[in-house]
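Structural overview for review
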Amino acid sequence: MLSIKNLHANIDDKAILKGINLQVNPGEVHAIMGPNGSGKSTLVNVLAGREEYEVTQGEVRFEQQDLLELTPEERARAGIFLAFQYPVEIPGVSNINFLKAALNNVRAARGLAKLDAMDLLQQVKDKMQQVKMNPDFLYRSVNEGFSGGEKKRNEVLQMLLLEPKLALLDETDSGLDIDALKIVADGVNALRNSERAIVLVTHYQRLLDYIVPDFVHVLSGGQIIKSGDKNLALELEQQGYGWLTEARA
Amino acid sequence: MAAPQSQLTNLLSQEYQHGFVTEIETDSLPPGLDEEVIRTISAKKNEPEFMLAYRLKAYRHWLTMTPPDWAKLKIDPIDYQAITYYSAPKFNKDAPKSLDEVDPELLKTYEKLGIPLKEQEMLAGVAVDAVFDSVSVATTFKSKLAEKGIIFCSFSEALQEHPDLVKKYLGSVVPHTDNFFAALNAAVFSDGSFCYIPKGVRCPMELSTYFRINAKSSGQFERTLIVAEEGSYVSYLEGCTAPMRDENQLHAAVVELIALENAQIKYSTVQNWYPGDKEGRGGIYNFVTKRGACRGKQAKISWTQVETGSAITWKYPSVLLEADNTIGEFYSVALTNNRQQADTGTKMIHIGKNTRSTIISKGISAGFGQNSYRGLVKVLKNARNARNYTQCDSLLLGDRCGAHTFPYIEVKNPTAQIEHEASTSKISEDQLFYCRQRGMGIEDAVSMIVNGFCKEVLKELPMEFAVEAQKLLGISLEGSVG
């Protein structure tokens, strides 16, 4: 589904990614871990097409397409979803309007008709229940005045609604209390099936108790320095990253 | 970062959609202005004597005046002798008595603009007065309104049928000496709308005037007068478009509103005059004086404007809060793209006691557009307990445009409470990326963000207009964030 080969990327002429190789197949969940500043967020943002990053080398293919050739909206329509680490506020735009615009664009790309207002509302309300969000949030401005946890749940709500093929989660667990963490994890697990893939960036093993990954990768200095199964995360929890980064040095 | 900027640039350059010209025979005066021209206009309209006297008085005063130069606008000198002051579609008879007598070309013009006069008469709950160049060509729903005693007709007709009302109120809010453009308008205005709501009547439908400039190098000088008697209510809308032409055309209108005790007037404008091309060639000079007077206690006047067109906009819809407990409101969205310039705002003059005013202004600048908010809040000596709240937000799209704020506050009574809030922001790359990552194209994303920014103002518009205005904001921005 997703194939990353020797990916290098800069921001403001500073090299952040220095040769990433990663293969993600349908049905798999990959966790990306690693110390601060190792390039985890950069990786998912480059995949989503954020334009302040400059790709200097390498290749990314997503379902036979050259992903790097696509605009951010084309990637979204092709089925890539990024749950933001810092969801953005859009004053004056109601959540429901935002969801409608997003969903209809993604549906159009899949050859589906626009949802009428009633169907849309029904779908949205069902998914909101799933992430335990009050329907009042539909009529508030996108993320404006939301708490950290509410913003993250709003991201998961959007993800459930848009049903992406590849979901990228950028530290969706950061700043969440244990109840909110469970809600977010339940949302992600509900999306898991044999056709979808999930790549989640996290600092803490904690999230992986709830979303059990098939693979864990350690990113350091812009490269994946170690890959393993879920047990690698437990090792990291106990020993930190030192033993890996030192071994390389 | 270069990529999104250029995409935004493309986005803000969509063409003006109402730029066509109607081929129609006109009855026009040659360009130029002197007393003879004014006498001719007055004679053509068979006006009562007081009207001609008023015009001449205004003209003589105008000759002593100079154009205002305090606005933050670059205006090429205007040759007032090169303007045609009267241009009217030629009718077979004197004037059409009903829609059936209106030239089909004209009806087609309004249909093309999305205002099918015939259909409107049958379907929508909006009465329309259509003003084409210098004259009103059709007014719908007149008889239905007359049942309630409401007068809604062209200004020319009002002068024939209701001269006493016109005489009583004309110039009572905007005197002919008020300013250069108001004086010129008083001298040469050719038509416009007149509206009178009798005591205690709630006007059952929206009243609207649709202004269209068609003729080349003609100016449009219309006059609108709305009188709301005690305890009455009216919601009034105006819309404006013009063909694309290379030279600038002058539009100098005057609108006067009078609200008596407990009356309420809601006046909404969606202004989409031709803005000129990308290099700033052509476009309408929109120099307009709009003012309302709350003359009776508890009267309320609200101005809502969405200004997306015109090469230059100079306009300050104001409220004189003359009586006690009166309320004035001003809600504005002004958008400037390419080389457009706007200097717009309001004046709230607190004269009576316990008067309240609210000002919400949203300025959007894109391309090389320059957008200024200029507002005066004045509390006179006897205006105890006056309150004003002003909020003034600017949104910049790109880094070659400008936003400016000029608030003036003059308070002569210590009990006044005045609040002023202002903000300036840029559409952020984060907001754009967030929308795009959810599948929206740049155009949709910008349009959504801008509409969100304007929401507090758009919600004040009557529903049908709000939808139009939202679309217009999207279109006016296409191709310009840079």
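Quick caveat: nothing in here was measured; it's all calculated off a predicted structure.

Let's talk about the overall build of chain B
- Looking only at helices and strands, one finds 13 helices and 23 strands in chain B.
- Within chain B, the proportion of its 482 residues that are buried is 57%.
- Pairs at least 24 residues apart make up 83% of the contacts formed inside chain B by residues separated by at least 6 positions.

Notes on the interface of chain B and chain A
- Of the residues lining the interface, 19 residues belong to chain B; the matching set on chain A comes to 21 residues.
- Mapped onto the side of chain B that touches chain A, the elements with two or more residues apiece are α1 (2-11), α10 (429-437) and α11 (442-453) of chain B.
- Looking at the side of chain B that touches chain A residue by residue, the classes come out as nine nonpolar, five polar and five charged.

Description of the domain arrangement of chain A
All names here are of chain A.
- Its domain assignment divides chain A into domain 1 (1-79 + 167-179 + 201-249) and domain 2 (90-164).
- Its C-alpha centre places domain 1 at a distance of 26 Å from the equivalent point of domain 2.
- Taken residue by residue, the interface counts eight residues in domain 1 and nine residues in domain 2.
- In the side of domain 1 that touches domain 2, the residues fall into three nonpolar, three polar and two charged.

Brief notes about the pairing of strand β20 (residues 370-379) of chain B
Residues and elements named next belong to chain B.
- Here β20 lies mainly inside the structure; nine of its 10 residues are buried.
- Judged from the 10 bridges that link them, strand β18 (residues 341-350) and β20 form a sheet pairing that is parallel. From the neighbouring strand, Thr344 faces β20, where its bridge partner is Tyr373.
- Bridge count between β20 and strand β22 (residues 402-411): 10 bridges; the pairing is parallel. From the neighbouring strand, Lys378 faces β22, where its bridge partner is Glu410.

A look at the environment of Thr66(B)
All names here are of chain B.
- Mapped onto the elements, Thr66 comes out in the loop between α3 (49-63) and β2 (87-89).
- A tally of 6 C-beta atoms within 10 Å means that Thr66 is categorised as exposed.
- In sequence terms Thr66 and Ser42 are 24 residues apart; their C-alpha atoms lie 25 Å from each other.

Thoughts on the nonpolar core
- One finds Leu168(A), Ala228(B), Leu257(B), Ala259(B) and Ile265(B) to be the most contacted residues of the largest nonpolar core, which totals 193 residues.
- Here this core spans two domains, since at least three of its residues come from each of domain 1 (1-79 + 167-179 + 201-249) and domain 2 (90-164) of chain A.
- In this structure Ala228(B) touches Ile197(B), Val234(B), Ile258(B), Ala259(B), Leu260(B), Ala263(B) and Ile265(B), once residues within four positions along its chain are discounted.
- Within the second largest apolar cluster, five residues are counted, among which are Ala130(B), Val131(B), Tyr210(B) and Phe211(B).

Rules and cut-offs
- Residues numbered from 1 in each chain as written.
- Chains lettered and ligands numbered in written order.
- Predicted model: local features only at pLDDT ≥ 70, side-chain atom pairs only at ≥ 80, totals over all residues.
- Helix = DSSP H or I, 4+ residues; strand = E, 2+ residues; numbered from the N terminus.
- Buried ≥ 20, exposed ≤ 12 C-beta atoms within 10 Å, placed from the backbone.
- Contact = placed C-beta atoms within 7 Å.
- Nonpolar A, V, L, I, M, F, W, Y, C, P; charged D, E, K, R; others polar.
- Domains from an automatic or database assignment.
- Pairing = 2+ DSSP bridges.
- Core = buried A, V, L, I, M, F, W, Y, C linked by C-beta atoms within 7 Å.

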